[in-house]
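Next come the chains, spelled out residue by residue.
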Amino acid sequence: MNFLEHIKMASTTLLANKMRSSLTMLGIIIGNASVIGMIGIGEGAQSFVNAQVNSLGPNVLFIIPGSPEAQSRPVYPPQTLVLADAEAIAEQVPVVEEVAPSLNGSELMSYRGKNASASLIGATPEYLSVRSFDVARGRFMSDLDLKRNEQIVVLGSELAEQLFGNEDPLGKQVRLKDISLQVVGVMQPKGSTFGTNQDMNAFIPITTMANRIVGETSPYGTQVTFISVSIKNPDSMKAAQFQIENLLRLRHKITDEDDFTVRNQKDLMNTLGQITGALTLVLAATAAISLFVGGIGIMNIMLVSVTERTQEIGLRKAIGASQQDILAQFIIEAVILSAAGGLLGTAIGVGGVFLVAAVTPLSAGISPVTIAVTVSVSGGIGLFFGVIPAKRAAQLDPIVALRSA
Amino acid sequence: MKTSLSPLQNHQQPPSKKTIVKLENIKKVYGMGEIEVQALKGVSLTVEQGEYCSIMGASGSGKSTVMNIVGCLDRPSTGAYYLDGVNVAQMSEQELAKIRNIKIGFVFQQFHLLAQLSALDNVMLPMLYAGVPTGERRKRATEALIRVGLENRIQNKPNQLSGGQQQRVAIARAIVNRPVLLLADEPTGALDSKTTQEVMDIFTELNASGMTVMMVTHETEVARQTRRIVWFKDGEVIHSHLTPEDLHEATF
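Analysis parameters
Residues numbered from 1 in each chain as written. Chains lettered and ligands numbered in written order. Predicted model: local features only at pLDDT ≥ 70, side-chain atom pairs only at ≥ 80, totals over all residues. Helix = DSSP H or I, 4+ residues; strand = E, 2+ residues; numbered from the N terminus. Rg over C-alpha atoms; globule rule 2.2 N^0.38 Å. Buried ≥ 20, exposed ≤ 12 C-beta atoms within 10 Å, placed from the backbone. Contact = placed C-beta atoms within 7 Å. Core = buried A, V, L, I, M, F, W, Y, C linked by C-beta atoms within 7 Å. Pairing = 2+ DSSP bridges. Axes fitted to C-alpha atoms, helices over the stretch in contact; angles between N-to-C directions. Parallel < 35°, antiparallel > 145°, perpendicular 65-115°, else oblique. Left-handed = near helix turned anticlockwise from the far one by under 90°. pLDDT = per-residue confidence, 0-100. Arc of directions from axis to C-beta.

Below, the discussion takes up the overall build of chain A. Scanning chain A from N- to C-terminus turns up 13 helices and 12 strands. Over its C-alpha atoms chain A spans a radius of gyration of 33 Å, topping by over 25% the 22 Å that the globule rule assigns to 405 residues. Each principal axis of the C-alpha distribution contributes one length, and for chain A these read about 105 × 55 × 35 Å. Relative to its 405 residues, chain A shows a buried fraction of 42%. Contacts spanning at least 24 positions in sequence make up 83% of the contacts within chain A whose residues lie at least 6 apart.

Laid out in structure tokens, this is it:
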């Protein structure tokens, strides 16, 4: 008797008991759907985080005020970074491509009675390329603008729309506190990064920002909120980080605890990846337990089925079925049940993942490998839990089996 | 049990042909250790090709045990059993499954049809295990069903058939692999007298066309339609060649 005929016969038997077959599959369906759902959501979260980190710009280091230890303290660290630090990095660290210091703030911006809360970014021309922003219309700031403390602004796409609607913002004056700024450009939409809407930004020359808007400088020069640094070659990331740290320690005359922190994208990605990875694992493990319980359900029903079908087994043996034939028949039934349950569960799980993706910012990330693995695992569960009932069936004495009326 | 018969009578010995069943001093002991039950105490029996033979006896006489051994469902404790010239007494379970499949056809009191399969599929089942190609399977199963007069019921499920029809499907299933021996265990036990006759007619017709038939029965009316009756008592054959006429005279 060949394999195909075994499958055909098992299907006939299972279809003859539709109610029981589907109830038996239910455990596996739920188990598989939850495994797929959990892994899918985990993978979605992972790729969401990666996309967020990538949107910060490629090969970028971030220098922020305060020691690495201070980053976890609830108080805001003092502004220890100054514009001169950024200039020193650009001049003295050879692997650095560009340096973009920025001085951030938040102010109400108005145009002809319309107000919008803008995220002010005092920037340099390098900000555009280091942080992967693009100008949609007009221009970004130039070195000359910085030198002259020009009162100009480049608006984020959403901010421009809120203030100007359908009107062309280029050349118009917007008001900020008691000064007015001329709009010279509008940015391409960028979306949000870690909950910050990048399209509500207003880019102002960092000198203008420091002198006219923030209006305070430290004894060491113009303070900056943080410095983004792009590196020529991703392989020299570590070297760049090391050189920048040494340079800043020297400049800040540090002997004890650093008053700044250098972060790279990869660290950030790894940290976040570990968190989402652990989360995925916990979720998947919980779901795997329900898959296991589903397997026990299959074994339970198959055992009942062997008892119920004792006469059938006896008859099959009497007309020539060998022990192997009976063993194969029951194992194949169990595997079909669990594999079919696995497929159905996968379909439901994938559907669930896409549903979650549709209503949350998470992307529907479910890899074909995950699907292949979970379906074969559920098939394997059928194989594993089908063996005991199948063995019991195969070893039935045909005489006793035929008598059991 | 009183009998007016001499133990060994050879009224109607069939023309000597090939020997199908040859049991030599078969013993069957059940249980182990101190509580042993001797179900068969040295049975010797020969059935030639083309015979039509009933096995009778009270319950516990050993007639079912001997049928199980003849049908290769069970192995004797000692003794030799030649089926179609081959000693199968101590064959492995695997080998016996093959022998049952190709050399023996079984008919049971409870029909034992698979409820989820059509008559045709039920009849095809033994050929499935024999590895007969699909096309030939269908052809032979259809022929067997025609032979038992069920050509109009081929696609019916067992629950759409009467008891007599179900037993005819079972007979078709038993003969479809062209066995050397057709074994029936109380084949009419679950049937009324009218359908009993229908089924017996099929056995008689099969035997007439050359099939060797052995059946266990406790119904005198059924045994009387066969040509040879073997009588069991207490694990032994006490009469091996009674004729139907002898049953009239006997006061069992």
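Along chain B, the regular secondary structure elements total eight helices and 10 strands. Taking the principal axes of the C-alpha coordinates as reference, chain B spans close to 50 × 40 × 35 Å. Put simply, chain B has 252 residues, and 45% of those count as buried. In chain B, of all internal contacts separated by at least 6 residues, the share reaching a separation of at least 24 is 71%.

Our focus in this paragraph is the interface of chain B and chain A. Facing the 22 residues of chain B at the interface are 20 residues of chain A. Elements that contribute at least two residues to the side of chain B that touches chain A include exactly helix H2 (93–103), strand E6 (104–108) and helix H3 (119–130) of chain B.

What follows is about the nonpolar core. Core analysis: the largest hydrophobic core is formed by 123 residues, its most contacted members being Val123, Leu145, Ala172, Leu182, Leu183, Val213 and Met214 of chain B. If one sorts the elements of this core by residue count, helix H11 (residues 323–359) of chain A sits on top with 12 residues. Among all residues touching Met214 of chain B, those that are not within four sequence positions of it are Val47, Cys53, Ile55, Val70, Leu181 and Leu183 of chain B. If you look at the next biggest cluster of nonpolar residues, it comprises 56 residues, including Tyr111, Val154, Ala210 and Val229 of chain A.

Moving on, we come to the pairing of strand E3 (residues 114–123) of chain A. Residues and elements named next belong to chain A. The sheet contact formed by strand E2 (residues 96–111) and E3 spans nine bridges and is antiparallel. Each residue of the ladder has a partner; that of Leu108, found in E3, is Ser117. The loop that links E2 with its antiparallel partner E3 comprises two residues; one of these, Arg112, has a positive phi angle of about 45 degrees. Here five bridges tie E3 to strand E10 (residues 201–205), and the two strands are oriented parallel to one another. Its bridge partner being in E10, Gly122 is matched across the sheet by Ile204.

It is worth spelling out the sheet that holds strand E4 (residues 78–83) of chain B at this point. With respect to topology, four strands assemble into an open sheet ordered E2-E1-E4-E5 (chain B), the strand pairing being antiparallel. Strands at the two margins of the open sheet, each flanked by one partner only, are strand E2 (37–48) and strand E5 (86–87) of chain B.

Looking now at the environment of Ser106 of chain A. Residue and element names in this part refer to chain A. Structurally, Ser106 can be placed in strand E2. For Ser106, a count of 10 C-beta atoms within 10 Å corresponds to the exposed category. Sequence separation of Ser106 and Ser117 is 11 residues, and the distance between their C-alpha atoms is 7.1 Å. Leaving out residues up to four positions away in the same chain, Ser106 has contacts with Ser117, Ser119 and Leu120.

Our next topic: the packing of H3 of chain B against helix H4 (residues 134–147) of chain B. All names here are of chain B. Running from N to C, H3 and H4 cross one another at 120 degrees; their axes reach a closest spacing of 9 Å. In this view, H3 runs oblique relative to H4, as classed from their interaxial angle. Of the two elements, H3 crosses H4, and the hand of that crossing is right-handed. Judged by residue contacts, Ala119, Leu120, Val123, Met124 and Met127 of H3 engage Arg137, Arg138, Arg140, Ala141, Thr142, Ala144 and Leu145 from H4.

Look at Ser132 of chain A: it is not a glycine, yet its phi comes out positive at around 60 degrees. Residue classification places Ser132 of chain A among the partly exposed positions, given that 14 C-beta atoms sit within 10 Å. The residue Arg178 of chain B is not glycine, and still its phi comes out positive at about 50 degrees. Assignment of secondary structure puts Arg178 of chain B in the loop between helix H5 (163–175) and strand E7 (181–185).

This next bit is on the sheet that holds strand E3 (residues 52–57) of chain B. Whether parallel or antiparallel, the strands of a sheet pair through hydrogen bonds between backbone atoms. Residues and elements named next belong to chain B. Taken together, six strands build an open sheet; the order of strands is E6-E7-E8-E3-E9-E10 and the sheet is mixed. This sheet does not close on itself; its edge strands, each paired only once, are E6 and strand E10 (236–242). Strand-to-strand, the axes of this sheet are offset by a mean angle of 20 degrees, without reference to chain direction. Judged from the four bridges that link them, E7 and strand E8 (residues 213–216) form a sheet pairing that is parallel. Directly across from Leu183, in E8, lies its bridge partner Met214. Packed on one face of the sheet, H5 meets E6 and E7 and runs near 165 degrees to E6.

Residues and elements named next belong to chain B. Per-residue pLDDT for chain B averages 89, and the proportion of residues at 70 or more is 92%. Predicted confidence in chain B is weakest over helix H8 (residues 244–249), with a mean pLDDT of 77, and strongest over E8, with 96. Taken together, the stretch residues 1–11 has pLDDT below 50 and engages in 19 contacts with residues farther than four places along the chain or on a different chain. Our summary of model confidence lists the complex with pTM equal to 0.71 and ipTM equal to 0.89.

Across chain A, pLDDT averages 86, with 96% of residues at or above 70. By mean pLDDT, strand E8 (residues 192–193) of chain A is the weakest element of chain A at 74, and helix H10 (residues 310–318) of chain A is the strongest at 93.

Our next topic: helix H3 (residues 83–92) of chain A. Residue and element names in this part refer to chain A. Inspection of H3 places Leu83, Asp85, Ala86 and Ile89 among the buried residues, and these make up the whole buried set. The buried side chains of H3 occupy one side of the element, clustering within an arc of 160 degrees when seen end-on. Where the residues of H3 are buried, they touch E2, helix H7 (206–214), strand E11 (226–231) and helix H8 (237–251).

Looking at where Asn50 of chain A falls in the secondary structure, it is placed in helix H2 (residues 18–54). When the C-alpha atoms of Asn50 of chain A and Ala70 of chain A are compared, they prove to be 25 Å apart, with 20 residues separating the residues in sequence.

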